[in-house]
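Here is what each chain is made of, one letter per residue.
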Amino acid sequence: MTPDHPAPGGEPGPAVHGLPDEAAAPGPVTNIGVLAHHIGPVVHQEVRRREVLDATDLPRDALLLAPYVDVDEWSEALATGTAFLAPGGTSGVMLVVARRGCGSSTFVRRLCAENTSGTMAILDLEPDWDSPSVSRLPLEPQRIYILELKDPATDLPSSGFLDRLAVFGEQLVGHDSRLIVTFTEQLWESVDGWQRLQVPTVRLCAAPDPQQLVEEHLRARKRPAAIVYVRTAVARALLRGMNAVEATRAVETVIRQWGSAPTGLEQQAAVPWLPALAGLRRSSVPHPEHEFDQDLASRIESALGDWRIELDRLFSEAGPGPGGSSLSLRLRCLLVSLVVHRSAPAHTIDQDALALETALVRASPGGSYGEPTVATLFAGQGLRSRLTALSAQVDPYDQVVFDRPGYTEAVLVYVWDNFPQIRSTLLDWLVRLPVRDRTGADPAARALAELILRHKDIDRLDESRRIAVAAGRITLLTEVTGRILADEHMRRGVWQLMTSWAKSQTGPGQAVIDICRPVLLAPESRSGDRRLAMTRLRHLAQHAENGLRERLLALLDDLAAEERTLPLLVSEVDTWLTRDRPGHLGTLSLLALLTVRQEGGSEPWLLSTPAPLPEHLLTRGLAELLGNFRDHPEAVPRTAGWLQPVPEGNALDRVLGCLAAGLSASAEADPSMHLMSALTDADSDPGRLRDLLFQRMLGGTPQGGHPEWGDRPAVQPVPDQPVYGP
């Protein structure tokens with residue numbers, strides 16, 4: 001890490017806009033590039049030229065309410081972590097090496113929530129890098145940073161990184177901050193044996209008891225009446241041995257079956273319930289008794305077992321015959337099509353099944369199977385009887401319904417797990433499924449997302465991207481990625497993948513915009529996710545042209561229309577003008593902000609009180625925007641629109657002053673001439689605004705005239721009289 005040097009005399013320098021005031025309380029989210037060093041009692045801050053990692057605030061109350069199960073084998077790690085976080089500690093960095101699926105994320109977050117004061121902000125760092133780098137880590141006072149490293153492609157540590165991390169820990173201690181870094185066992189192998197006395201290292205190998213974890217999650221999800229169904233002998237046996245991730249997935253399976261139960265048990269069992277706060281006991285209010293549903297119990301047990309027994313029978317090697325039950329290739333393809341569609345016209349399911357069969361045959365040259373022909377189809381079993389044999393319901397109008405919650409997902413997972421040779425073919429078939437019903441959800445998107453989520457396989461999402469771009473299925477890619485982004489265990493991998501998509505000039509830029517749109521606009525989105533979305537848009541803006549640029553600007557216009565998302569645009573303009581970052585997205589953000597008016601009036605929001613941006617920054621931004629008006633065709637009309645509706649008075653005087661200063665700072669006259677022409681065309685009193693702006697520019701230019709307009713004397717306004725006249 002490059003050390004900062006204090007100003008001579010130890011006095012803090014002038015405040016830099018965009019950096020926190022020295023007396024300000026720490027904010028909930030930080031990605032400000034700031035290095036802080038104690039100089040006696042004074043904290044001196046300087047802008048870092050290298051971006052630090054984005055960080056998301058983790059609310060303490062939410063961490064304490066999250067389902068948690070104590071693990072006896074964690075006691076030593078818990079004691080070490082508690083001592084590490086204690087006030088007055090001498091270690092700034094702690095390392096956690098954990099087996100995948102053992103619940104290390106929950107362990108670390110709960111540890112921080114329970115053992116730090118409420119004045120300490122808990123921040124989750126987003127390791128958006130190509131390789132670990134200490135210089136990318138933030139350093140601010142009163143922070144608990146959590147950094148989870150899992151990806152072998154980008155997070156592989158070196159001994160040099162760990163050595164620098166140990167030195168960085170000393171700086172953290174000086175700022176009363178701490179950093180906890182977690183590594184998977186796979187990543188740690190490359191540096192196994194590294195140790196430093198001042199850097200405690202703990203290991204987590206055991207996962208929480210899956211039975212207890214499932215029950216805790218069911219209570220947290222307000223399904224306490226479902227607990228009895230996971231306590232049957234069969235359910236217990238199926239849960240036994242699951243790690244934390246598998247147990248969490250089992251919870252979703254139970255809830256899905258519970259929700260599909262026709263008896264309305266959830267309404268019977270609904271009781272007021274609140275999760276326990278830290279240190280408080282749960283209410284012992286008994287749940288209403290209800291009759292045990294044996295059919296529901298069987299469905300939950302089958303779902304937890306992934307229907308392995310039945311699927312082993314259907315996909316066995318034995319061919320169909322007397323007493324046989326193995327499916328032929330044609331019936332297997334029909335079953336796969338059936339579980340993807342679930343509900344569709346019979347001919348649609350059959351058509352897509354034949355497409356899958358054809359694709360498999362073509363992927364197996366020289367095999368014993370031939371492509372389906374009209375003759376072979378006519379010689380075989382009829383469609384209705386084939387569908388019925390697979391337990392599908394077919395009405396008199398040939399509409400098929402296959403309603404077996406959980407079973408449909410299990411079939412796809414079984415095929416994927418047991419026949420790895422067909423994965424690429426199956427993926428290609430799913431992506432290229434035609435969209436017939438534009439009003440309904442895309443069944444291929446749901447199926448793809450379920451497969452990728454089940455296996456936590458981010459590489460398959462990237463492979464889907466490649467196929468979707470080639471097939472023109474960007475909408476499918478957007479929906480699949482959005483579904484996977486909602487998964488807490490995969491969101492980081494998705495954001496990293498979207499970074500590479502956004503940076504690539506041949507990447508799916510439209511998909512990046514469409515995925516970021518709901519993240520940015522949804523009221524329930526987390527502030528950290530909005531920041532990550534803006535980062536991806538920043539990468540995309542550096543090469544976005546034509547239609548893609550217009551689509552990006554349209555999204556920013558939508559953000560400008562919402563009061564709660566305006567700070568995102570202001571922050572982007574501020575970042576562009578005060579820090580060392582490309583200004584492509586900042587310029588587009590300023591264009592979007594030019595359309596915003598103050599509530600209940602026509603005055604520009606950018607000139608409201610308090611000002612979203614200091615006037616000198618706004619002036620500089622307008623100067624750069626208008627100076628590059630050929631690259632931004634919206635610059636002149638939007639600037640004219642920014643000025644045109646403002647009524648005469650102090651507001652108009654401020655707008656004219658801001659624009660005049662910006663235009664006068666330009667080395668060319670073209671921006672001024674184009675803007676004045678636009679003002680002449682737009683104004684109801686042709687020439688009025690143009691002349692006022694011209695007078696202000698001449699009066700406000702220190703040299704008495706525009707650089708390209710000669711040495712004409714400046715027009716001085718009459719004292720105590722506004723420049724726009726009586």
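Since this is a predicted model, take the numbers as computed values, not measurements. (Residues numbered from 1 in each chain as written. Predicted model: local features only at pLDDT ≥ 70, side-chain atom pairs only at ≥ 80, totals over all residues. Heavy atoms only, no water.)

It is worth spelling out the overall build of the protein chain at this point. Along the protein chain, the regular secondary structure elements total 31 helices and 11 strands. Taking the contacts inside the protein chain whose residues are at least 6 apart along the sequence as the reference set, 72% of them involve residues at least 24 apart. Summing over all exposed atoms, the protein chain offers an accessible surface of approximately 34,000 Å²; the carbon and sulfur share of this is 52%. (Helix = DSSP H or I, 4+ residues; strand = E, 2+ residues; numbered from the N terminus. Contact = heavy atoms within 4.5 Å. Areas by Shrake-Rupley, 256 points an atom, 1.4 Å probe, with all protein chains shown as cover.)

Attention now moves to helix 27 (residues 615-627). In this model, helix 27 (13 residues) spans 18 Å end to end at C-alpha, consistent with the 18 Å of a helix rising 1.5 Å per residue. The complete set of buried residues in helix 27 reads Leu617, Leu618, Thr619, Gly621, Leu622, Ala623, Leu625 and Leu626. (Expected span 1.5 Å × (residues − 1). Buried < 20%, exposed > 50% of the residue type's maximum accessible area, 1.4 Å probe, protein only.)

With that settled, the discussion passes to the confidence of the model for the protein chain. Here the protein chain averages 80 in pLDDT, and 76% of its residues register 70 or above. For the protein chain, per-element mean pLDDT is lowest for strand 1 (residues 34-39), which scores 33, and highest for strand 7 (residues 178-184), which scores 97. In this model, residues 1-50 is a region of pLDDT below 50 whose contacts with residues beyond four sequence positions or in other chains number 94 contacts. Note that pLDDT drops below 50 for residues 701-726; the model gives that stretch 46 contacts with residues more than four away or on any other chain. (pLDDT = per-residue confidence, 0-100.)

A few words on the pattern of salt bridges. Evaluation of the coordinates by the stated rule reveals 37 salt bridges. Between Asp462 and Arg465 there is a salt bridge, with the nearest N and O atoms lying 3.0 Å from each other. Placement of the pair is Asp462 and Arg465 together in helix 19 (residues 458-471), with a separation of 3 residues, close to one helical turn. On the basis of relative accessible area, Arg465 is assigned to the partly exposed category, the value being 22%. (Salt bridge = Lys/Arg side-chain N within 4 Å of Asp/Glu carboxyl O.)

Read from one edge to the other, the open sheet built from 6 strands follows the order 3-5-6-7-4-8, with strand pairing classed as mixed. Each of the sheet's edge strands pairs with one partner strand only, and the pair in question is strand 3 (54-57) and strand 8 (201-204). The sheet shows a mean angle of 25° between the axes of neighbouring strands, direction not considered. Two elements, strand 3 and strand 5 (residues 121-126), share 4 bridges in a ladder whose sense is antiparallel. When the bridges of strand 5 are listed, Thr56 appears paired with Asp124. Packing against the sheet, helix 3 (residues 104-115) makes contact with strand 4 (93-98), strand 5, strand 6 (143-149), strand 7 and strand 8, and its axis sits at approximately 175° to strand 6. (Pairing = 2+ DSSP bridges. Axes fitted to C-alpha atoms, helices over the stretch in contact; angles between N-to-C directions.)

Bringing the sheet that holds strand 10 (residues 393-394) into the picture now. Across a sheet, strands are paired by hydrogen bonds formed along the backbone, either parallel or antiparallel in direction. Pairing in this open sheet of 3 strands is antiparallel, and the strands run 9-11-10 from one edge to the other. Bordering the open sheet on either side are strand 9 (343-345) and strand 10, each of which pairs with just one other strand. The pairing of strand 9 with strand 11 (residues 399-401) spans 3 bridges and is classified as antiparallel. Bridge pairing in strand 11 places Ser343 opposite Val401.

Glancing now at unusual backbone geometry. Across the junction of Thr609 and Pro610, the peptide omega takes the value 0°, indicating a cis bond. If you trace the backbone, Pro610 turns up in the loop between helix 26 (584-593) and helix 27. Even without being glycine, Asp176 reaches a positive phi, approximately 55°. Along the polypeptide, Asp176 turns up in the loop between helix 4 (159-174) and strand 7. Overall, Asp176 belongs to the partly exposed group, its relative accessible area being 35%. Even without glycine at this site, Asp398 takes up a positive phi of about 65°. In this fold, Asp398 is placed in the loop between strand 10 and strand 11.

Summed over all chains, the structure comprises 9 aromatic pairs. The interplanar angle of 50° and the centroid separation of 5.3 Å between the aromatic rings of Phe183 and Trp188 together place this pair among those described as tilted. Phe183 gets classed as buried once you look at its relative accessible area, which sits at 2%. Connected via pairs of aromatic rings, a cluster forms that spans Tyr68, Trp74 and Phe107. (Phe/Tyr/Trp six-rings, centres within 6.5 Å; stacked < 30°, edge-to-face > 60°.)

Looking at where Leu568 falls in the secondary structure, it is placed in helix 25 (residues 566-578). For Leu568 and Ser589, which are 21 residues apart along the polypeptide, the C-alpha to C-alpha distance reads 8.9 Å. Those residues in contact with Leu568 that sit more than four places away from it in its chain are Leu520, Arg530 and Met534.

Next up on the list: the environment of Arg432. For Arg432, the location among the structural elements is in the loop between helix 17 (423-431) and helix 18 (443-455). With 41 residues separating them in the primary sequence, Arg432 and Arg473 have C-alpha atoms 7.6 Å apart. Those residues within four positions of Arg432 in sequence are excluded, and the remaining contacts are Ile467, Ala470, Ala471 and Arg473. Within the structure, the side chain of Arg432 is placed 3.0 Å from the side chain of Asp428, a separation counted as a polar contact. (Polar contact = N/O pair within 3.5 Å; in protein donor to acceptor, adjacent residues only side chain to side chain.)

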